[in-house]
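Geometric and topological summary
Chain residues, written in single-letter form:
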Amino acid sequence: MKLSVEITDPASELSVSFGYQCSTLDHDNFSVQPDQSEFSRGIPIQSTHRNGSFSCLSGAALSANATLANTNIGNGLIGEEILPVLDSPKSFRRMSSSPSLSRMDLSSSPSQTCMPILAGSVPIRAGFLYENGSTSWKPMSAPTRVESCSFLSGMDVQMAGGAAGEDRVQAVCSEENGWLFCGVYDGFNGRDAADFLAGTLIENIGFYLQALEWRMRKEQGSSNFGSNEDETITSKLSPASECDDHFSGSQRNGGIVLPNSSNGEVQTESFRLGVMDCLIRALAQAETDFMYMVEQEMDDRPDLVSVGSCVLLVLLHGKDLYVLNLGDSRAVLCTSDNTGNGLVKAIQLTESHTVDNETECSKVIADHPDDPSPIVRGRLKGKLRVTRALGVGYLKKREMNDALMGILRVRNLCSPPYVYTLPFTKSHRVSEDDQFVIVGSDGLFDFFSNDEVVQVAHAFIQDNPFGDPAKYLVEQLVLRAAESAGFSTEELMSIPVGRRRKYHDDVTIIVIILGNKQRTSTASTSL
């Protein structure tokens, strides 16, 4: 893995800008240096996956909204202790360990429902998904909350990310274990929900993937386990001390062993479905925990009931790409159009959860037959365009709406919830035709269609094999926003954050270059 500073452009001020390139070193003749924590100067990392499914990625984020740095939700633990450890907006750095949520007071409720997954497949509570009208806000955290359960355990776990206005972005990579995680959290009405996701969701996902590993081991039995390295999914999930009772000594040292499929691939459909289920469960736990915290603190901070966030997760393991989204952020795949002439096309991997989506709009109307006006002026109850999001409790529960005063309160909240939390999920098998994936908040797609953003990025990558496509897309967005407003880019960027929101939204972008082609450098800088 090698990073270098090579981009200079006075036209933009990036809040986040990072890059990562997979190592091409021979791991048999290289030893990792565990005392190094910063990788902005290019420290090589051992790779046990020489045929990885991505070669590099870049991320960039630009602020438009003015927002408080971070509030004291969760008694200040997230803002003061967890996020400072996780944030690295200008470069990837090694994660020494996963920050723990065990100190947060999320286990006072008798409703403890995350641990039963260890005993088998347990359906997610319908009360969370709002399919049956139940809205019981109880924390799902188990009393045996793990101290460190990152599914990206190992010596070379690298992380980058930070905040841009109300957006948050994260990228976590472990070449050793063959995982890449990217998260874009597009907050609104404040950044509390996005901050909460950035501080908790990775650990939630790690916990459930760890449980998946244990369950698959239990189901397969010892007869399916062998020493053949090719039959091991080297996720190397690292059980914490409090979960050790569920793992044997031999199981702690290896990955998930699955039977080979007919084409020699070790991944099975059962495992893929299990990973998707883990993402859904982790999001469910994040939603329940966040809403529980809002309930505890809304007397002092009633504004918390209006805070929410869209969620976009991309998880890449081997050739399997997993996507989960709530809201209007998008993941768009660039792939060959199979004409043989080098042209590419865009494939959207996510759903758009807004009232502009006819399917979503029809669902809202059908779910509220006794409400004559569930959608007012193109917004849910006149307040919100997105139909699915984490948080935003005042559109999900009457008591939270009542916490607001005056014009902030929704009148005639007849039959909440109006905002859903059931995510869209998709898995995609990466092929030789697939070139890259663009992961972005809706601020990007205010100025680009799917086809446009793919064509612009593709042309840039072809002409600049060592460049930073995420940063370039932000620059092109600034050019379009300035042109639309009748400004030069310098004039637009001179407008203070907050006032600039009139001309463009916060924008967050990650570009993941797929395949095994290695680049020798990439950019990581802030202007």
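Just so you know, the residues in each chain are numbered from 1, in the order the chain's sequence is written. The predicted nature of this model means local features are confined to residues of pLDDT at least 70 and side-chain atom pairs, given and counted, to a pLDDT of 80 or more, with totals for whole chains, interfaces and linings taken over all residues. Only hydrogens and water are removed before side-chain values are computed, so all heavy atoms of the structure are retained for them.

A separate point is the overall build of the protein. Only DSSP runs of H or I covering at least 4 residues are called helices, and only runs of E covering at least 2 are called strands; the numbering of each starts at the N terminus. When its secondary structure is counted, the protein shows ten helices and 18 strands. Looking at the protein residue by residue over its 527 residues, the buried ones come to 59%. Contact criterion: two residues are considered in contact whenever any of their non-hydrogen atoms come within 4.5 Å of each other. Sequence separation of at least 24 residues holds for 76% of the intrachain contacts in the protein that already meet a minimum separation of 6. All accessible-area figures derive from a Shrake-Rupley calculation using a 1.4 Å probe, and residue coverage is judged against the displayed protein chains alone. Accessible surface, the protein as shown: approximately 20700 Å² in total, 48% of it carbon and sulfur. Think of it in three bands: with a 1.4 Å probe and only protein chains considered, a residue is buried below 20% of the maximum accessible area for its type, exposed above 50%, and partly exposed in between.

Bringing the packing of aromatic side chains into the picture now. Note on ring pairs: Phe, Tyr and Trp rings are taken, using the six-membered ring of Trp, and paired if centres are within 6.5 Å. Classes follow the plane angle, with under 30 degrees stacked, over 60 edge-to-face and the rest tilted. Here the structure, examined in full by the defined rule, presents seven aromatic pairs. Between Tyr20 and Phe92, the aromatic rings sit 4.9 Å apart at their centres with planes inclined by 65°, giving edge-to-face as the arrangement. With Tyr20 in strand β1 (residues 16-21) and Phe92 in strand β3 (residues 88-94), the pair connects residues that are 72 residues apart, well separated along the chain. Owing to a relative accessible area of 0%, Phe92 belongs among the buried residues under this scheme.

Another point: the sheet that holds strand β2 (residues 54-62). Strands pair, by our definition, only if DSSP identifies at least two bridges between them. The sheet built from six strands is open, its strands ordered β1-β2-β18-β17-β11-β12 with antiparallel pairing. Either end of the sheet is taken by a strand with one partner, and the two such strands are β1 and β12 (344-348). Each strand axis lies, on average, 15° off the axis of its neighbour in the sheet, ignoring direction. Where β2 lies against strand β18 (residues 507-514), eight bridges are found, and the strand directions are antiparallel. Looking at the pairing, Ala60 lines up with Ile509 of β18. Each axis is a line fitted through C-alpha atoms, taken for helices only over the stretch in contact, and angles between the N-to-C directions span 0 to 180 degrees. On top of the sheet, helix α9 (residues 469-485) reaches β2, β17 (434-440) and β18; it is set at about 35° to β2, its chief contact.

For the rest of this paragraph, the subject is helix α1 (residues 77-86). Along α1, the positions that sit buried rather than exposed are Leu77, Ile78, Ile82, Leu83 and Leu86. For α1, the angular spread of buried residues about the axis comes to 115°, placing them on one side. Note that the arc is computed from the directions linking the helix axis to the C-beta atoms.

For this analysis, a nonpolar core means a set of buried residues of the types Ala, Val, Leu, Ile, Met, Phe, Trp, Tyr and Cys, connected via side-chain atoms within 4.5 Å. Ranked by internal contacts, the top residues of the largest apolar core, which has 68 residues, are Tyr185, Leu201, Val311 and Leu313. When sequence neighbours within four positions are dropped, the list of residues in contact with Val311 reads Val184, Tyr185, Leu197, Leu201, Leu283, Leu324, Asn325, Leu326 and Leu390. Listed in part, the 34 residues of the second largest apolar core include Leu444, Val474, Ala481 and Leu492.

A word on the pattern of salt bridges. Take a side-chain nitrogen of Lys or Arg and a carboxyl oxygen of Asp or Glu: if they are within 4 Å of each other, that pair is a salt bridge. Counted according to the given criterion, the structure contains 19 salt bridges. Across the pair Asp320 and Arg429 runs a salt bridge whose closest N-O atoms are separated by 2.8 Å. Here Asp320, found in strand β10 (residues 320-326), pairs with Arg429, found in strand β16 (residues 424-429); they are 109 residues apart in sequence, far enough to count as distant. The partner of Lys363 in a salt bridge is Asp367, and the shortest N-O contact between them spans 3.1 Å. Highlighted residues: Lys363 and Asp367, both in helix α5 (residues 358-367), separated by four residues, approximately one helical turn. Each of Asp87, Arg168, Arg191 and Asp195 takes part in one network of salt bridges that share partners.

Among the six residues of β1, six are classified as buried, and the element is accordingly described as predominantly covered. Neither face of β1 is exposed, since Val16, Phe18 and Tyr20 on one face and Ser17, Gly19 and Gln21 on the opposite face are all buried. Looking at chain direction, β1 and β2 are connected through six bridges and run antiparallel. Bridge pairing links Val16 to Ala61 in β2.

Relative to the assigned elements, Thr354 resides in the loop between β12 and α5. Among the residues examined, Thr354 registers a relative accessible area of 3% and is labelled buried. The spacing of Thr354 and Leu326 is 28 residues in sequence and 9.7 Å in space, taken between C-alpha atoms.

At their nearest, the axes of α1 and helix α3 (residues 192-220) sit 9 Å apart, and the two run at 60° to each other. As summarised for this structure, α1 and α3 are arranged oblique, according to the angle between their axes. At the point where α1 passes α3, the crossing takes the left-handed sense. Along the contact surface, α1 presents Ile78, Ile82, Leu83 and Leu86, while α3 presents Asp195, Phe196, Ala198, Gly199 and Thr200. Among the residues forming the contact of α1 with α3, the class breakdown is six nonpolar, two polar and one charged. For classification purposes, angles smaller than 35 degrees are called roughly parallel, those larger than 145 roughly antiparallel, those between 65 and 115 roughly perpendicular, and all remaining angles oblique. Each crossing is labelled by how the near helix is turned from the far one, with a counterclockwise turn of less than a right angle marking it left-handed and a clockwise turn marking it right-handed. Nonpolar residues are Ala, Val, Leu, Ile, Met, Phe, Trp, Tyr, Cys and Pro. Charged residues are Asp, Glu, Lys and Arg, and all others, Gly as well, are polar.

What follows deals with the environment of Pro374. Within the element layout of this structure, Pro374 appears in the loop between α5 and β13 (375-376). For the pair Pro374 and Cys414, spaced 40 residues apart in sequence, the C-alpha to C-alpha distance is 8.7 Å. Once residues within four sequence positions are removed from consideration, Pro374 is found in contact with Val364, Ile365, His368, Arg379, Leu380, Lys381 and Tyr418.

Put simply, α3 and helix α4 (residues 269-297) touch, their axes get as near as 8 Å, and they point 140° apart. By the angle class used here, α3 and α4 are oblique. Note that α3 runs across α4; the crossing there is right-handed. Residue composition of the contact of α3 with α4, grouped by class: 18 nonpolar, four polar and three charged.

So, about the pairing of strand β5 (residues 167-174). Burial analysis of β5 places eight of its eight residues in the buried class, which makes it a mostly covered element. The two faces of β5 match: Asp167, Val169, Ala171 and Cys173 on one face and Arg168, Gln170, Val172 and Ser174 on the other face are all buried. The turn linking strand β4 (residues 158-164) back onto β5 is made up of two residues, and Gly165 within it adopts a positive phi angle of 65°. Alignment of β5 against strand β6 (residues 179-188), held across eight bridges, turns out to be antiparallel. Bridge pairing links Arg168 to Tyr185 in β6. The hairpin formed by β5 and β6 contains four residues between the paired strands, and Gly178 there has a positive phi angle of roughly 80°.

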